[in-house]
Amino acid sequence: MAEMNINDAVMTTRLDAVVNWGRKNSLWPMPFGVACCAIEFMSMMSSKYDLSRFGAEAMRFSPRQSDMMLILGTITNKMAPVLRTIYAQMAEPKWVISVGVCASSGGMYRTYATLQGVDRVIPVDVYVPGCPPRPESIIYGVMKLQEKIEKESLSMRKDHIERFYESLARQDALQAEKGLTSQQTIREMLMDAGERGVGTIF
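Residues numbered from 1 in each chain as written. Predicted model: local features only at pLDDT ≥ 70, side-chain atom pairs only at ≥ 80, totals over all residues. Heavy atoms only, no water.

Caption draft 1: Quick look at the layout of surface pockets. In this structure, the largest pocket spans a volume of roughly 260 Å³. It is helix α8 (residues 182–195) that provides the largest number of residues to the lining of the largest pocket, a total of 5 residues. Grouping the constituent residues of the lining of the largest pocket by class yields 6 nonpolar, 5 polar and 2 charged. (1 Å grid on protein atoms, 1.4 Å probe; cavity = no way out; pocket = protein on both sides within 12 Å on 5 of 7 lines; lining within 4 Å. Points joined across faces, edges and corners; volume = space filled by probe spheres on them. Helix = DSSP H or I, 4+ residues; strand = E, 2+ residues; numbered from the N terminus. Nonpolar A, V, L, I, M, F, W, Y, C, P; charged D, E, K, R; others polar.)

Set out below in structure tokens:
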């Protein structure tokens, strides 16, 4: 019987490294497309740019089958509760890419009706600049997200998501206590965060 070299049969690694390797190469996009950035996303998913090269071709329009949300376009204050609900329903662990200047900062819409950055209501991992950004820029954003996933620890991502769920519980409690609509509740939470010098509600 031939001798077996232990180096040919055993490989040592860290659990975080193996799990993150699988996560970064099997992202399932959930497009939240509301404006012109969504058109660039459609181009990115087509054969010319081919996001499937990065293991992210399994696009789903159900949040329960997705783990990477791409926010594509202007988000109004009325959309904020819907955006938070969809993010809450996504499979864990989950990541968010804010695509374009409108999603990232409100863009040219410095009005009372427009949310001045989606990172005020949900956690954002990567920002892609542009108005609208080209497909190559969005692909670069996905690549930067893959780099971030590779360096994460399992506990770090868990804590990150738990903070959002705590804010969701506060939102439900405030809404029930004051009898507000979901939009009014988030407005109250944003105003309270502003008074405390905090930019986000989670």
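Caption draft 2: Here's a closer look at the packing of aromatic side chains. Under the definition given, this model contains 2 aromatic pairs. An aromatic cluster is present here, built from Tyr87, Phe164 and Tyr165 joined pairwise through their rings. (Phe/Tyr/Trp six-rings, centres within 6.5 Å; stacked < 30°, edge-to-face > 60°.)

Caption draft 3: Summary view of the nonpolar core. Counting 26 residues, the largest nonpolar core has Met69, Ile71, Leu83, Tyr87, Val121 and Ile122 as its most contacted members. Of all the elements in the fold, those that place two or more residues in this core are β1 (29–33), β2 (68–72), α4 (80–89), α7 (154–178) and α8. Each residue touching Met69, except ones within four places of it in the same chain, is listed here: Met30, Phe32, Leu83, Ile86, Tyr87, Met90, Trp95, Val96, Ile97 and Ile122. Core analysis: the second largest hydrophobic core is formed by 23 residues, Leu72, Ile97, Val126 and Ile138 among them. (Core = buried A, V, L, I, M, F, W, Y, C linked by side-chain atoms within 4.5 Å. Buried < 20%, exposed > 50% of the residue type's maximum accessible area, 1.4 Å probe, protein only. Contact = heavy atoms within 4.5 Å.)

Caption draft 4: Looking closely at the UniProt feature "binding site: [4Fe-4S] cluster" (unreviewed entry) in the chain. The sites that UniProt annotates as "binding site: [4Fe-4S] cluster" (unreviewed entry) are Cys36, Cys37, Cys102 and Cys131. Of the residues just listed, which span 96 residues, no C-alpha pair is farther apart than 10.1 Å, and they cluster in one region. Checked against the element boundaries, Cys37 lands in helix α3 (residues 37–45). Given the relative accessible area of 5%, Cys37 is considered buried. Look past the residues within four positions of Cys37 in its chain and what remains in contact with it is Leu72, Gly73, Val99, Gly100, Pro132 and Pro133. With respect to the secondary-structure elements, Cys131 resides in the loop between β4 (126–128) and α6 (135–151). When residues no more than four places from it in sequence are discounted, the contact partners of Cys131 are Val101 and Met108. (UniProt positions renumbered as here; feature names shortened; annotations may be inferred.)

Caption draft 5: Inspection of unusual backbone geometry at higher detail. Glu92 connects to Pro93 through a cis peptide bond whose omega is -5°. Positionally, Pro93 belongs in the loop between α4 and β3 (95–99). Going from Cys131 to Pro132, the amide bond is cis rather than trans, its omega being -10°. With respect to the helices and strands, the residue Pro132 is situated in the loop between β4 and α6.

Caption draft 6: Expanded view of the environment of Leu70. Here Leu70 is to be found in strand β2. Residue class for Leu70 comes out buried when judged on its relative accessible area of 0%. For Leu70, the contacting residues outside a window of four places in its chain are Pro29, Met30, Pro31, Phe32, Phe41, Ile97, Val99 and Ile138.

Caption draft 7: Seen up close, the pattern of salt bridges. For the coordinates displayed, the defined rule picks out 8 salt bridges. Asp192 is the salt-bridge partner of Arg196, the closest N and O atoms lying 3.1 Å from each other. Arg196 gets classed as exposed once you look at its relative accessible area, which sits at 52%. Residue class for Asp192 comes out partly exposed when judged on its relative accessible area of 37%. Here the residues in one salt-bridge network are Asp125, Lys148, Glu152 and Arg157, joined through shared partners. (Salt bridge = Lys/Arg side-chain N within 4 Å of Asp/Glu carboxyl O.)

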